[in-house]
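Structural overview for review
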Amino acid sequence: MAVESHRLLGTTITNNLKWDCNISSIIKKAQQRMYFLHQLRKFNLSQELMVQFYTATIESVITSSITVWGSSATKHDIHRLQCIIRSAEKTTGVKLPPLLDLHTSRARKIITDPSHPGHHLLQRLPSGNAPSSVLTASDRCSTLCTDCLRPVLHPLY
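Since the model is a prediction, treat every value here as computed from it, not as a measurement.

What follows deals with the pairing of strand β1 (residues 5-8). Inspection of the sheet shows β1 paired to strand β2 (residues 11-14) by four bridges, in the antiparallel sense. Bridge pairing links Leu 8 to Thr 11 in β2. In textbook terms, the turn of a hairpin is the stretch between consecutive antiparallel strands, and for β1 and β2 this stretch comprises two residues, one of which, Leu 9, has a positive phi near 50 degrees.

Further remarks concern the packing of aromatic side chains. By the definition in use, this model includes one aromatic pair. Residues Tyr 35 and Phe 36 carry aromatic rings whose centres are separated by 5.3 Å and whose planes lie at 75 degrees to one another, so their mutual orientation is edge-to-face. Here Phe 36 falls in the partly exposed class, since its relative accessible area comes to 46%.

The predicted model of the chain has a mean per-residue pLDDT of 76, with 75% of residues at 70 or higher. The low-confidence segment residues 134-147 (pLDDT under 50) makes 26 contacts with residues lying over four places distant or belonging to another chain. Here residues 149-157 is a poorly scored stretch, pLDDT under 50, and it has 13 contacts once near neighbours within four places are set aside; other chains count.

Here Thr 92 lies in helix α4 (residues 75-92). Setting aside anything within four residues of it in sequence, one finds Thr 92 in contact with Leu 37, Gln 47, Met 50 and Val 51.

Rules and cut-offs
- Residues numbered from 1 in each chain as written.
- Predicted model: local features only at pLDDT ≥ 70, side-chain atom pairs only at ≥ 80, totals over all residues.
- Heavy atoms only, no water.
- Pairing = 2+ DSSP bridges.
- Helix = DSSP H or I, 4+ residues; strand = E, 2+ residues; numbered from the N terminus.
- Phe/Tyr/Trp six-rings, centres within 6.5 Å; stacked < 30°, edge-to-face > 60°.
- Buried < 20%, exposed > 50% of the residue type's maximum accessible area, 1.4 Å probe, protein only.
- pLDDT = per-residue confidence, 0-100.
- Contact = heavy atoms within 4.5 Å.

Here you go:
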């Protein structure tokens, strides 16, 4: 009997490696936290404190395990997440980093830190501009995330 999806460390992994369930879960959590950001604006909290609240409670949810699913997310999913960020920008009145920058900055931290457990799984593209997984996405079953998670999610395969 095949398993449709499995939740591991807060990330929903489906048997076809589509990230829409995971991203829908992230969006739901982020929208719930956006309510509190709106409440803080109603109480005339300073921009600095609202940005700190956003970073700690909303951005942290949006970027949870982004290095796993970020490069495989569809344009539609990225747009849905970016809408949350734009909403937070309107609420705080401050320009916030876009999703692509958040993904790239976290991947760069992994690439530049040889002691990071995922360091050997990422490399820079030949242009040197962006991080890439060592393996290509031409075969979904041999991508970065499945190689990392295969021992844990053996029932999915």
